[in-house]
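Given next are the chains, with one letter for each unit.
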Amino acid sequence: MLVSALLMSVGINSCLCVLLFILYSILRKQPHNYEVFLPRRLVAGTSKRRRNKVARYIPSVRWIWKSWRPSEEELMEKSGLDGVVFMRMITFSLKVFLFAGIIGVFVILPVNVFGDQLTQINYADWSANSLDIFSVVNLNTRSPWLWVHFGAIYLVTAFVCCLLYFEFRYIGMKRIEHFHSSKPQPNQFTILVRNVPSSDGATVSDTVDRFFRENHSSTYLSHVVIHRTSKLRSVVDNAKKLYKKVHHKKQADPQRVKKTPMRFFSRKDTPEGHYEKVLEELEHNIRLGQAEVSSPGKEVRAAFVSFKSRYGAAMALHMPQSLNPTYWLTEPAPEPHDVHWPFFSASFMQKWLSKIVIAFACLILTTLFLVPVVLVQGLTNLSALEYFFPFLTLILSMKIVSQIITGYLPSLILQTSLKIVPPIMEFLSSFQGHICHSDIQKSACNKVIWFTIWNVFFATVFSGSAFYKLSVILDPKEILFKLAVAVPAQASFFIAYVVTTGWTDTLTELFRVVPFMVSYVKRSLEPTEEEFEVPPMRYHRDTPRVLFFGLLGITYFFLAPLILPFIFLYFVLAYIIYRNQFINVYEPKYETGGMFWPMIHYTMVFSLVLMHGIAIGLFALKKMELATYLLIPLPVFTLLFNEFCRKRFMPIFTAYPAEVLTKRDREDQNDPRMGEFYDNLVSAYQDPALRPLRFSGSRNDSLTSPLLSSTSSEV
């Protein structure tokens, strides 16, 4: 790739960034766009409608200052600890690439440029040169200047490890502070118990109640047995959708029924009357289904068990409950609205088979994704395109066309293909037996991270430079040497990838292209007063993207330091835009208590070890034996550091310490609101499909009476 192609790509994306910033500052002021760009403020009633219509069309940058201004405590109040962890990931990356950028741009880059490996350098016209002159490829074998790269690798590794240590410790302390400052939550007092043993002549509810009254008599409060409601849940969901549809139609035109013409020769009902009859029938069928599902024999051998204190719940959670380790299995309970109910009805065999099927499906998806990767790498090779498509020779000979094809189009195709991966991974993770939506999102996030690293990094590297040697790469003795050859050769592609995919992806996140288009189409077809939900943050979509650019920066900082300014600008944009989104757009739906940070930590450690492996292979190819031997301990020390952090900080993320739990329990003893909290806790984990529903206008009191007797949740 030539410097001119990169300059053109940078110019196009810079202009696009400026235009999108201007367009966003105008569109966010329009009242009909509040639900797209300011949904949180619209729901809270803090969005001000501008009286001056002219001011709506004047671009402004005040929103940037408003996004920058809130403190971390205010951000935690608005977006929870998960939002703070996400922003800490970005600020961590900003610190890393500010430090690495200073070393890379002002020390390593001049050393690379004035090397003499590439003799054909046009100093008169820099734009006609290859980007390889800015990379380590331009240094000769046994060049003493390679010791500069050696020192930079050690220096940046030490800096990143120090930051990782302090960040892990900081997030752990924030997790404890968040626990102390938050209101009492049902999941803090509740555990999930699986594999309840069968007992002759006793229901699952009776068995659970008797067991915990005998073994946890001082702390046991109540329990809710889980029922098989997967089929009933779909009926309830359809009924709720129909009810909302009818309700919104009535609100949109309350006089519609009165305007209906009289029918002298027909007794056909109005549409509203028809829907009401359908709802009455659905309501009756749902109640019959609820009665059938809640009958004995339809229970799952599992229950949510609640306790009077957090310490009592923790003791039951971490202590073996039976001599038989396969019975009375305990695990932490999620928040009630976070529970993923469908997989409670699945048997052990179904869960086991689903994990195998999902693993196989991920493997197939990874293999199929090689097609766009190979296509992208084919576009970067003009000679190959001219060979396979000779009729394009004349078009490809045009300078502007060749620059667009080699510099902009490959990254655009790869970016478009990656858009479908997060929702697919979320869908696959939902069938793996996770009991809560937050676990599904964490599982999907982990899948997307490694999918992106393999398909965008490794597959791109080897398909572009050493695809014909894949059989050799499987040999551990050769893989470091092949990486040392292949990774620097793809530096130009990844620089263009950061500029095109990184910048535009972040700006389209600000612009919210898909919700904006959907909102526009809805307004064009039929304006409605439908209520809307504030969207949640999709961590499994955005976290892997940010981490991947961090991996690119760490990997290439000594190979091609020209990438560092573009990555730093990406994180600056991400910092401003995501703070704006957390404040104005996204509302926390589930709270994991900062559980995404260990995933972030391990990915950064992997990036360091990958960089060390490439450096060892590179110094071996450059015949720098002493430097190669001195680098070998570095990945070992990094892995030992990771193990130290895991032992030191992960227990805080696994469970809260006893002193923290008991302190909070003592504080609650003087809280007069705890009585009401315990009353609500008894039914907090009742399946939504079994809750009493009322869609029709009937006055029958039985419609609102509880469907489950006290045997399902006893005090």
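Numbers given to residues run from 1 along each chain, matching the order in which its sequence is written. For this predicted model, a pLDDT threshold of at least 70 governs which residues receive local features, and a threshold of 80 or more governs which side-chain atom pairs are given and counted, while totals over whole chains, interfaces and linings are taken from all residues. With hydrogens and water excluded, all non-hydrogen atoms of the structure serve as input to the side-chain values.

As annotated in an unreviewed UniProt entry, the protein carries the name CSC1-like protein At1g69450 and is attributed to Brassica oleracea var. oleracea. UniProt positions are given in the numbering used here, feature names are shortened, and annotations may be inferred rather than shown by experiment. What UniProt records for the protein under Sequence similarities (unreviewed entry) is the sentence "Belongs to the CSC1 (TC 1.A.17) family." UniProt annotates the protein under Subcellular location (unreviewed entry) with the comment "Membrane".

Right, let's get into the overall build of the protein. What counts as a helix is a DSSP run of H or I of at least four residues, what counts as a strand is a run of E of at least two, and both are numbered from the N terminus. In terms of regular secondary structure, the protein is built from 29 helices and four strands. The buried share of the protein, reckoned over its 715 residues, is 51%. The contact definition used throughout considers only heavy atoms, calling two residues in contact when any of these lie within 4.5 Å. For the protein, restricting intrachain contacts to residue pairs at least 6 apart in sequence, the fraction spanning at least 24 positions comes to 85%. Here, Shrake-Rupley sampling with a 1.4 Å probe gives the accessible areas, and only protein chains in the shown set may cover a residue. When the accessible surface of the protein is summed, it comes to about 35400 Å², and 63% of that surface belongs to carbon and sulfur atoms. Accessible area is worked out with a 1.4 Å probe on protein chains only. A residue is then buried under 20% of its type maximum, exposed over 50%, and partly exposed in between.

On the secondary structure map, Asn584 appears in helix H24 (residues 563-584). A residue is classified by how much of its surface remains accessible, and Asn584, at 6% relative accessible area, is buried. For the purposes of these results, a polar contact is taken to be a pair of N or O atoms within 3.5 Å, where, inside protein, one atom must be able to donate a hydrogen and its partner to accept one; residues adjacent in sequence count only when each atom of the pair is a side-chain atom. A polar contact of 2.8 Å, which involves the side chain of Asn584, links it to the side chain of Asn580. When residues no more than four places from it in sequence are discounted, the contact partners of Asn584 are Arg28, Phe37, Leu38, Pro39, Arg40 and Arg41.

To continue, consider the packing of helix H21 (residues 491-511) against H24. A fitted line through C-alpha atoms serves as each axis, taken over the contacting stretch for helices, and the angle formed by two N-to-C directions is quoted from 0 to 180°. Direction vectors running N to C along H21 and H24 enclose 10 degrees, while the axes themselves pass 9 Å from each other. In terms of orientation, H21 and H24 fall into the roughly parallel class. Of the residues in H24, those in contact with Phe494, Ile495, Val498, Val499, Gly502, Trp503, Thr506, Leu507, Glu509 and Leu510 of H21 are Ile563, Phe566, Ile567, Leu569, Tyr570, Leu573, Ala574, Ile577, Tyr578, Asn580 and Gln581. Of the residues that constitute the contact of H21 with H24, the class distribution is 16 nonpolar, four polar and one charged. What sets the label is the angle itself: under 35 degrees gives roughly parallel, over 145 gives roughly antiparallel, 65 to 115 gives roughly perpendicular, and the rest give oblique. Under the convention adopted here, Pro, Cys and the residues Ala, Val, Leu, Ile, Met, Phe, Trp and Tyr are nonpolar, Asp, Glu, Lys and Arg are charged, and Gly plus all remaining residues are polar.

On to empty space enclosed by the protein. Points on a 1 Å grid, built from protein atoms alone, make a cavity when a 1.4 Å probe fits but cannot get out and make a pocket when they are open with protein on both sides within 12 Å along at least 5 of 7 lines; residues with an atom within 4 Å of a point are the lining residues. Grid points are joined across faces, edges and corners, and a volume is the space filled by probe spheres set on the points. Taken as a whole and assessed by the stated rule, the structure comprises one cavity of 30 Å³ or more. Estimated volume of the largest cavity: approximately 40 Å³. For the lining of the largest cavity, the residue count by class is seven nonpolar, two polar and one charged.

Here we take up the environment of Thr229. Here Thr229 lies in the loop between strand S2 (220-227) and helix H8 (230-252). Taking the C-alpha atoms as reference, Thr229 lies 9.1 Å from Ser294; in sequence the two are 65 residues apart. Only 2.6 Å separates the side chain of Thr229 from the side chain of Asp687, close enough to count as a polar contact.

Quick look at the confidence of the model for the protein now. Per-residue confidence for the protein gives a mean pLDDT of 81, with 79% of residues at or over 70. pLDDT runs from 0 to 100 and stands for how confident the predictor is about each residue. Low pLDDT, under 50, characterises residues 464-469; the predicted model gives this stretch ten contacts beyond four residues in sequence or across chains.

A pair of Phe, Tyr and Trp rings is counted when the ring centres sit within 6.5 Å of each other, with Trp represented by its six-membered ring. The angle between the planes then sorts it: under 30 degrees is stacked, over 60 is edge-to-face, the rest tilted. Following the criterion strictly, the structure yields 50 aromatic pairs and no others. With a centroid separation of 6.0 Å and 75 degrees between ring planes, the pair formed by Phe212 and Phe307 is classed as edge-to-face. Of this pair, Phe212 sits in helix H7 (residues 204-215) while Phe307 sits in strand S3 (residues 299-307); the two residues are 95 residues apart in sequence, bridging distant segments of the chain. The exposure class assigned to Phe212 is buried, which follows from its relative accessible area of 0%.

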